Each structure stands twice: as C-alpha cells, then as structure tokens.
Amino acid sequence: IIASHKLHTVCQEANCPNIGECWNRGTATIMILGDICTRSCGFCNVKTGRPLPVDRDEPRRVAESVALMNLRHIVITCVDRDDLADGGAAVWAETIQRVHETCPHTTVEALIGDFKGDADALQVVVDSRPEILAHNLETVKRMHPAVRPQADYQRSLRVLKQIKANGLVSKSGIMVGIGEKDDEVIALMNEVRDFADTDIFTIGQYLQPTRNHLPLDRWVTPEQFLCYKKDGLLRGFKVVESGPLVRSSYHAEEQAERLSPERRETAAMMELLLAQARQQRE
C-alpha cells in the first residue's frame, strides 16, 4: 500500500530497529513532505539536501492509504522543510484533515518539527486538531549543538508549551547513549514537565546509523531505562515509554488508547469512586 501510493515511511528512511515488529502488527509511521530534509542532525539517517517541490496530492494519498490499512491509529511525521515559508504547516493541516474525514474512526498522531519557531505556522497544525501532537527534543540541552545543530532547545520547549496550551495531548522524546549524563536526563524531564506540562515521554537507546553519524557513547542498561520510566511517572507524565528499542512512535497506538477521552473519563470516575470509598472508611 505504501509503495503503490508513492509514500515514504520513517521506518525505512531512518533504519528503525523495530520495523519488523511494527509492520507485523500492521503499524507504520508515514513521512510526508518528501524524503529529503533541509537539516543535518548528527543522529539521523534521513537524507539531507535540497528537497523536491511539495507534492500537493500527497495528503489525499496518505488518507487513502490509512483507509486501506484500516488502522485505529496512525503516526505521521515529516522531514524539516526550512525551504518553505510556513515550514510545510499547510500540507500538515490538510493531511490531518483528510485523514479525519476519510477515516473518522482513526486517531492521528502528528510528529512535527519546530517550524523555526514560527508560532503562527505551528498554530495552523494545532488547529487541525490531531489527537496527539508530538515534537521531539531528541537530547539534553548541552548536547543540542552536536546532535541538532539547526534546532534550539528552548525553541522546542516553546513548541511543546504551545501544543499543550491549546488543549491537545502533547508528546516528546529523547535518545540516550549519545553523550548525555543521567542527571541531565532527569533535569530535562523536570523542565519538560514544569515548563510545557507534556503528557507522553519516550526514551530509547541511540544507535549509530552509519560511520558518518555521531558515535555511540554508551550502552544504557535495561535497569537504567526502568529507572528513567519510574522517574518520569513520578514527575507527572501520563505515559512513559523507556527501553533500548523505544522510538517516538513505538507502541504509539497503545499510548493513544490509554489516553483516549473514554479511557481518561473512566480513570477519572474510578479515581473519584476510590476517593469516596476512602472518605467513607475514614
């Protein structure tokens, strides 16, 4: 379906280690706005260079593909398009709207860039109301110049804050083993919660795509990943995915299910009933 509709997936472009598991479950992450990125992040295997002109028919094909795959949840991401005045925001909005119209029972998770800090461009995507809107920090503040040389840590935090301020479920994530320290990971989680009130957080092991990318600094143990998860939940994240093979869209459909309005309403009702029971006992 992906090939016949001339679409790209980040699963293939980024050499994701989970492609076998996810595609076997019938889940994939579609990548819009082409397969050539205007940025050159030190960790990423997606091609960088001068992108081709925007394919205006892509939103329709994405929606048709999602309908044919009969998905309950779809993750859509993109390359950075700093060559476009709006960073591709209009294409993003049309894609989300078409999926909602064509597949009303499919929830949409959009993983976006920072639009160079253009709050108006970001608002165009926000107003299309994806069920989850994600923007990854990728690494701790100190490592940004090496890992994301064309991005900015504070700018990304402002993106997350604007998403949550508009009432959407917000999500972010990082990789570890690229040069950060454990205390910096904890400090980042504190800042993401305190400044942006983000709902979902993912942490995974960095894997060097090629010898031309940033070198691996360390292998983080499964025990440490479990500590990250416990620390994240203690800091108020609603969902924390933390493990060696975790990527931003890993188990995304399960996260969406856990944070659906119906599930949140049920959880709130259960919490109220438990509180009432405790008061009666007292």
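Residues numbered from 1 in each chain as written. Predicted model: local features only at pLDDT ≥ 70, side-chain atom pairs only at ≥ 80, totals over all residues. Heavy atoms only, no water.

Draft legend 1. Layout of the overall build of the chain. In terms of regular secondary structure, the chain is built from 11 helices and 10 strands. Split into buried and exposed, the 282 residues of the chain put 50% on the buried side. Surface exposure of the chain reaches about 13,700 Å², of which carbon and sulfur atoms provide 53%. (Helix = DSSP H or I, 4+ residues; strand = E, 2+ residues; numbered from the N terminus. Buried < 20%, exposed > 50% of the residue type's maximum accessible area, 1.4 Å probe, protein only. Areas by Shrake-Rupley, 256 points an atom, 1.4 Å probe, with all protein chains shown as cover.)

Draft legend 2. A look at empty space enclosed by the protein. One pass over the structure, following the stated rule, counts one cavity of 30 Å³ or more. A volume near 60 Å³ is recorded for the largest cavity. Taken together, Arg39, Cys78, Val79, Asp80, Arg81, Asp82, Gly87, Gly113, Asp114 and Phe115 make up the lining of the largest cavity. Taken together, the residues that form the lining of the largest cavity break down as three nonpolar, two polar and five charged. (1 Å grid on protein atoms, 1.4 Å probe; cavity = no way out; pocket = protein on both sides within 12 Å on 5 of 7 lines; lining within 4 Å. Points joined across faces, edges and corners; volume = space filled by probe spheres on them. Nonpolar A, V, L, I, M, F, W, Y, C, P; charged D, E, K, R; others polar.)

Draft legend 3. Quick look at the packing of aromatic side chains. For the structure shown, the criterion picks out two aromatic pairs. An angle of 85° between the planes, with centres 6.0 Å apart, marks the rings of Phe225 and Tyr228 as edge-to-face. Separated by three residues within a single helix, Phe225 and Tyr228 lie in helix H9 (residues 222-234), roughly one turn from each other. There is no split in this pair, since Phe225 and Tyr228 are both buried. The ring of Phe195 is capped by Lys161, whose NZ or CZ atom sits 4.5 Å from the centre of that ring. Across the ring face of Phe237, the terminal group of Arg193 is positioned such that the distance to the ring centre comes to 5.6 Å. (Phe/Tyr/Trp six-rings, centres within 6.5 Å; stacked < 30°, edge-to-face > 60°. Lys NZ or Arg CZ within 6 Å of the ring centre and 35° of its normal.)

Draft legend 4. Structural context of the pattern of salt bridges. By the definition in use, this model includes 20 salt bridges. Between Arg39 and Asp82 there is a salt bridge; the shortest N-O distance is 2.8 Å. A residue pair is termed long-range when its members are at least 10 positions apart, and Arg39 in the loop between strand E3 (36-37) and strand E4 (47-48) and Asp82 in the loop between strand E5 (73-78) and helix H4 (89-102) qualify at 43 residues. When its relative accessible area of 5% is taken as the criterion, Arg39 is described as buried. Where Lys171 meets Glu109, a salt bridge forms, and the shortest distance between an N and an O atom there is 2.7 Å. With Lys171 in strand E8 (residues 169-176) and Glu109 in strand E6 (residues 107-111), this pair connects stretches of sequence that are 62 residues apart. A network of salt bridges, in which partner residues are shared, links Arg39, Asp80, Asp82, Asp114 and Arg155. (Salt bridge = Lys/Arg side-chain N within 4 Å of Asp/Glu carboxyl O.)

Draft legend 5. Main features of the pairing of E5. Counted residue by residue, E5 has six buried out of six residues, so it is predominantly covered. Burial along E5 is two-sided: His73, Val75 and Thr77 facing one way and Ile74, Ile76 and Cys78 facing the other are all buried. With four bridges connecting them, strand E2 (residues 29-32) and E5 associate as parallel partners. Its bridge partner being in E5, Thr29 is matched across the sheet by Val75. The pairing of E5 with E6 spans four bridges and is parallel. In the sheet register, Val75 faces E6, and the bridge partner there is Glu109. After leaving E5, the chain enters H4 and then returns to the sheet as E6, a path that is right-handed. (Pairing = 2+ DSSP bridges. Right-handed = clockwise from strand over helix to strand, strands pointing away.)

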